[in-house]
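Chains, contacts and geometry: an overview
So the chains spell out like this:
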Amino acid sequence: MVVKKTKNRGREVNRTELAEINGVSLPTVESWVRRGCPVVQRGGRGRAWQFNTAEVRNWREDDIRAEASNATHANKDELLLRKLRAETEQVELDLAKAREQVVPVDQFERAMTKAFGEVRAGLRNALPGRVARRLLGESDETKMKEVMLDEVDQILLVLSDSDLIHESDLEIEDDEEGDDEGADSE
């Protein structure tokens, strides 16, 4: 069998056909167009979108290569906006730290571990005795579930009224030289 080599010029297809050929959804094709996918004719008012399959295939190959190499499609303005956004976020984080509105993650984790320990202890210490008394002689499964849920809800209500995380658990731990500066401000 002899294969005739011809220049692959592709064929013109509409959006639906392009999506089917590439095994993607129409929103994906729309996303491609927004990112620069070549279009033979834009659709609208009775005109169908037209794409050349060879041009789209070449664009997709370039796009996939760029994504694989972590290359961005950002222009200079987009990069400047990203830089400005990052600088703004850093300033906001610094301000939140100065206002003592943030806590180091490890310190927060310790406080949460302590709080969950108190919840666990509250459930384990109170629930069995209270439920056992109310369920003594009960054989109706539905009633048993109601009693257990009621007791769990009551214990959680009591726990919600208590401070599981104390402010002292979240105070920012300063170095020794930084302690003297913050003492006068409170």
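Keep in mind it's a predicted model, so treat the numbers as computed, not measured.

1. A look at the nonpolar core
Soluble, globular proteins show a tendency: their nonpolar side chains are buried together. Residues Val 13, Leu 18, Ala 19, Val 29, Trp 32, Val 33, Cys 37, Phe 51, Val 56 and Trp 59 constitute the largest nonpolar core, which totals ten residues. For this core, the elements supplying multiple residues, two or more each, are helix H1 (15-22), helix H2 (26-34) and helix H3 (53-68). Per-element accounting of this core gives the leading share, three residues, to H2. When residues no more than four places from it in sequence are discounted, the contact partners of Val 13 are Leu 18, Ile 21, Trp 49, Gln 50, Phe 51 and Thr 53. The next biggest cluster of nonpolar side chains, apart from the first, holds five residues, and it includes Ala 115, Ile 155, Leu 159 and Leu 164.

2. Quick word on helix H5 (residues 105-135)
A rise of 1.5 Å per residue sets the reference length of H5, with its 31 residues, at 45 Å; its end C-alpha atoms lie 43 Å apart and thus fit the reference within 8%. In the structure, H5 departs most strongly from a straight axis at Leu 127, where the bend amounts to approximately 35 degrees and where the proline Pro 128 lies between one and four residues downstream. Those residues of H5 that fall on the buried side of the exposure criterion are Gln 107, Ala 111, Ala 115, Val 119, Gly 122, Val 131 and Leu 135. Trailing H5 by a residue or two, Gly 137 shows a phi angle of about 85 degrees, which is positive.

3. Regarding the packing of H5 against helix H6 (residues 141-160)
Two elements in contact, H5 and H6, have axes separated by 9 Å at closest approach and are oriented at 140 degrees. In this structure, the crossing between H5 and H6 has a hand that is right-handed. Together, Glu 118, Val 119, Gly 122, Leu 123, Ala 126, Leu 127, Arg 130, Val 131, Arg 134 and Leu 135 of H5 and Met 144, Val 147, Met 148, Asp 150, Glu 151, Val 152, Gln 154, Ile 155, Leu 156 and Leu 159 of H6 make up the contact between the two elements. Taken together, the residues that form the contact of H5 with H6 break down as 13 nonpolar, two polar and five charged.

What counts, and at which threshold
Starting afresh in each chain, residues are numbered from 1 along the sequence in its written order. Only residues with pLDDT of at least 70 get local features here, since the model is predicted, and only at 80 or more are side-chain atom pairs given and counted; chain-wide, interface and lining totals rely on the full set of residues. Excluding hydrogens and water, the side-chain values take into account all heavy atoms of the structure. Note on terminology: a nonpolar core comprises buried Ala, Val, Leu, Ile, Met, Phe, Trp, Tyr and Cys residues joined through side-chain atoms within 4.5 Å. Each residue is assigned to one of three classes by its accessible area relative to the maximum for its type, calculated with a 1.4 Å probe on protein chains only: buried under 20%, partly exposed between the two thresholds, exposed over 50%. By definition, any uninterrupted DSSP run of H or I lasting at least four residues is a helix, any uninterrupted run of E lasting at least two residues is a strand, and each is numbered from the N terminus. In this analysis, two residues are considered to be in contact whenever any of their non-hydrogen atoms come within 4.5 Å of each other. Here the expected span of a helix is defined as 1.5 Å times the quantity of residues minus one. By definition, a residue's bend is the angle between the axes fitted to the seven residues ending there and the seven starting there. Simply put, an axis is a line fit to the C-alpha atoms, just over the touching stretch for a helix, and the angle between two N-to-C directions goes from 0 to 180 degrees. Put simply, a crossing is left-handed when the front helix is turned counterclockwise from the back one by less than a right angle, and right-handed when it is turned clockwise. Residues are grouped as follows: Ala, Val, Leu, Ile, Met, Phe, Trp, Tyr, Cys and Pro are nonpolar; Asp, Glu, Lys and Arg are charged; all remaining types, including Gly, are polar.

Keep in mind these values describe shape, not function.
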